[in-house]
Every structure is written in structure tokens, then in C-alpha cells.
Amino acid sequence: RRTVYPGLGTVQRILALLDRAYVDQGTTGPARFIQASNAGFRGDFLRAHPLPSSIGAFSGRLYCEAIRREGARFLFEPGMRVVHEYEGWPMEKDIRRNKGYEAIAARRINPAIHHS
């Protein structure tokens, strides 16, 4: 999914681009990385594989890795859009701190997760 932050100035658009550009390949196709909060899943798949709650809001990384290990593919679809509110520098600080925490928490539960 393509993430957008409407009505923003140049600095905020650049920060949003840096935060999301690694997943936006511009065309429909296989994706290596996803953000679970911006992903669409088939209902039958979600019922068979509920989101783990072991580390609260940071379970997305564990979930995505479990899906990948089962052989499922992630696809990027630029026609799907997610609109987020952007709260500026405090939000940037919070995102980066939480990305680090998520990596550490996921690695403690599953040491086999790459890049954690």
C-alpha cells in the first residue's frame, strides 16, 4: 500500500518519503518488506493466523516473519492507499525509538529474525 500524509509542507513530505520509500517500488509486484499496520490480508488467512499479542503493538514484525516462513508472498500494490495523520518531529522521534524497540523485542522472542 502507498502511504500518504496529505496537506503537508516540504520537510514533512521528505520525512514521510524517507520513512516509507523503501517499500514503495512504484509498481505492483513482490515486496521484501511490509508494515503490518499498512497491509491488507485475505480474511481466511487472518483467521488462520491471528496477530500475536505477545509484545503488544510491536507484534507486527513477528507476524510478518511468521507469514514469510510459511512461504506466503508479500505484494506491493500502489493502487491501495493509506492516509496517515502526520504530527511532525515528535512523531518522527517516536517512530524511530519504537522501530528499535520492535527489533529488539522481536529478536528476544525469535533470534532467527533477520535484521533484528
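Each remark here, short or long, concerns the structure printed above.
Residues numbered from 1 in each chain as written. Predicted model: local features only at pLDDT ≥ 70, side-chain atom pairs only at ≥ 80, totals over all residues. Heavy atoms only, no water.

### With respect to the environment of leucine 15
Stated precisely, the cut-off is as follows: Secondary structure elements follow DSSP: runs of H or I no shorter than four residues count as helices, runs of E no shorter than two count as strands, and numbering proceeds from the N terminus. Contacts: residue pairs with any heavy atoms within 4.5 Å of one another.
Along the chain, the position of leucine 15 falls in helix α1 (residues 10-20). C-alpha of leucine 15 to C-alpha of glycine 88: the two residues are 73 residues apart in sequence and 9.0 Å apart in space. Filtering out sequence-adjacent residues up to four positions away, leucine 15 remains in contact with Tyr86, Trp89 and Glu92.

### Comments concerning the packing of helix α3 (residues 60-69) against helix α4 (residues 89-109)
For clarity, the cut-off: Between the N-to-C directions of two axes lies an angle of 0 to 180 degrees, each axis being a line fitted to C-alpha atoms and, for a helix, fitted only over the stretch in contact. Should an angle lie under 35 degrees it is considered roughly parallel, over 145 roughly antiparallel, and from 65 to 115 roughly perpendicular; all remaining angles are considered oblique. Under the convention adopted here, Pro, Cys and the residues Ala, Val, Leu, Ile, Met, Phe, Trp and Tyr are nonpolar, Asp, Glu, Lys and Arg are charged, and Gly plus all remaining residues are polar.
Running from N to C, α3 and α4 cross one another at 50°; their axes reach a closest spacing of 9 Å. Taken together, the axes of α3 and α4 are oblique relative to one another. Residues Gly60, Arg61 and Leu62 of α3 form the contact with α4, whose participating residues are Glu102, Ala106 and Ile109. Along the lines of polarity and charge, the residues of the contact of α3 with α4 split into three nonpolar, one polar and two charged.

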